[in-house]
Amino acid sequence: MRTVTTLSVVILASAGIGHAVVTSLDAKIARVDPFKDMKNRPQAGHGMNVLLVGTDGRDRISDEERRKYRLGGAPCHCTDTIMIVHISEDRERASVVSLPRDSYAEVPGGDGRKTHPIKINAAYAEGGPNLTVRTVEHMTHVKIDHYLEVDFTSFMKTVDVVGGVQICTAEPMKDSYTGLDLPAGRHRLMGGEALQYVRARHVDSDSDLGRVHRQQRFMAALVERATSSGILLNPMRFRDVTRAVLGSVRADKGFGTGELLDLGRAMRNFSPSSSEFTTVPIGQLEYEVKGVGSTVKWDTAQAERLFRALREDKPLSAHRPKRRAVPVEVAPQQIQVQVENGTKENGLGKRVDAALAATGFRTTGRPVSAADRALKRTVVAHDPGWDRSAKSLAAALPGSELRAVKGLGPTLKVMLGADFQKVRKVRAEDPTQGQSIVVRGDEAGCS
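An unreviewed UniProt entry annotates the protein as LytR family transcriptional regulator of Streptomyces caeruleatus. In the Sequence similarities (unreviewed entry) part of its UniProt record, the protein is described as follows: "Belongs to the LytR/CpsA/Psr (LCP) family."

Let us look at the side chain of Asp252. Looking at where Asp252 falls in the secondary structure, it is placed in strand E12 (residues 250–252). One buried charged side chain, Asp252, makes no salt bridge at all; its nearest oppositely charged neighbour is Arg31, positioned 5.9 Å away. Here the side chain of Asp252 touches Tyr147 through a polar contact of 2.7 Å, landing on its backbone nitrogen. For Asp252, the side chain forms a polar contact with the main-chain nitrogen of Gly254, separated by 3.0 Å. Residues contacting Asp252, with those up to four places away along its chain left out, are Arg31, Val32, Pro34, Phe35, Asp145, His146 and Tyr147.

On to the pairing of strand E17 (residues 336–341). Burial of E17 is extensive: six of the six residues sit out of reach of the surface. Of the two faces of E17, both are covered, the one formed by Gln336, Gln338 and Glu340 as well as the one formed by Val337, Val339 and Asn341. With two bridges joining them, E17 and strand E18 (residues 362–363) adopt parallel strand pairing. For Gln336, the partnering residue across the bridge sits in E18 and is Arg362. The pairing of E17 with strand E19 (residues 368–369) spans two bridges and is parallel. Of the residues in E19, the one forming a bridge with Glu340 is Val368.

This part is about unusual backbone geometry. Of note in the backbone geometry, Asn40 takes a positive phi value of approximately 55 degrees without being a glycine. Along the chain, Asn40 falls in the loop between strand E1 (30–32) and strand E2 (48–55). Positioned with a positive phi, His141 is a non-glycine residue whose angle comes to about 60 degrees. Considering the arrangement of structural elements, one finds His141 in the loop between helix H4 (122–140) and strand E7 (146–150).

Calculation rules
- Residues numbered from 1 in each chain as written.
- Predicted model: local features only at pLDDT ≥ 70, side-chain atom pairs only at ≥ 80, totals over all residues.
- Heavy atoms only, no water.
- UniProt positions renumbered as here; feature names shortened; annotations may be inferred.
- Helix = DSSP H or I, 4+ residues; strand = E, 2+ residues; numbered from the N terminus.
- Buried < 20%, exposed > 50% of the residue type's maximum accessible area, 1.4 Å probe, protein only.
- Lys, Arg positive; Asp, Glu negative; His and termini not counted.
- Salt bridge = Lys/Arg side-chain N within 4 Å of Asp/Glu carboxyl O.
- Polar contact = N/O pair within 3.5 Å; in protein donor to acceptor, adjacent residues only side chain to side chain.
- Contact = heavy atoms within 4.5 Å.
- Pairing = 2+ DSSP bridges.

Here it is in structure tokens:
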């Protein structure tokens, strides 16, 4: 329940359709004081920063739903979602930065607590909303102005009240932990099924980050559904929907009608193309920490540029690091790749697989030898339905030949030839460097 959970509530709870409707919603929000006794906080910047967290709370879910959607386990009382939503000072732009739940973090000292390493999602279990805010501020140097918290119930209600959300899957998705079982193709998911879809961690090669990207695709579809169904334009329906959803939301005491309207104004036109939706840049996927385990370590320099943009109220693209990467249409994170070594050079397949993975491609991690070990030219074989992905992959392999192969499916095949030179960095043609993903029918086998 990561990025999607919290934003789904905000989309419905802050459409900015007028004080008459929104004022009556204040009483529905449970209050919490995440800023109590906080000292030595970052300097305030311009605009408004809202920390959105989604917990694994499931107290209001029925026994039947717990069994059906595999929610019977005890919650860890930690955060499944952590995001910073920056609303520009003119209230016309929203920038959203997702912080992966397994991010390496350092809990700040104070109140008898020593500074120590932790996974960022465990800050909530250790010290609730207060320590969560303190840890995020300590790691990002971004001052948090407001706090919003939702749980599984809010997410399921939100999806149900908009009539379900349509998604496309490029291949069958099955996860024994959540019970997710979807064949390839187009599906309309209701609340419980959608919760399985966004929570699944065992259907992506890169686990937690794969889930982040899948949730961003789901969010794009949810935004489209909410804005096209008329909910946000119908004051009475909006009121009824939001009253149902906000029953399980908690917020700081200062977050009220005015803040809802400000958030709504900035997010009324929210979409992956008009607003910025990204994940904090990652430097190392499996960073081992004694006593903590495997964590995700941020790219310090790139993360600092990203958070500086929030502090300075600048579009994220304005502080994007200059890169020589080749722009491509489809983000590498969306492209599945099998590497085959078509040469007699031992270890070449393994090196190329690793280089493609470092660039962001979803390689199998298991390169094999090609049937023909005397290929003269490197070939990118692809199903005709994945031609845009093939072009993006070919851009990372200078001089490679595109070859359409019917029935190959969503996994593209790289057959290395004697002409192979290097793997070139590529990036998606969007301001969030390929981490904000738009649902495209032909890439999901749903055209």
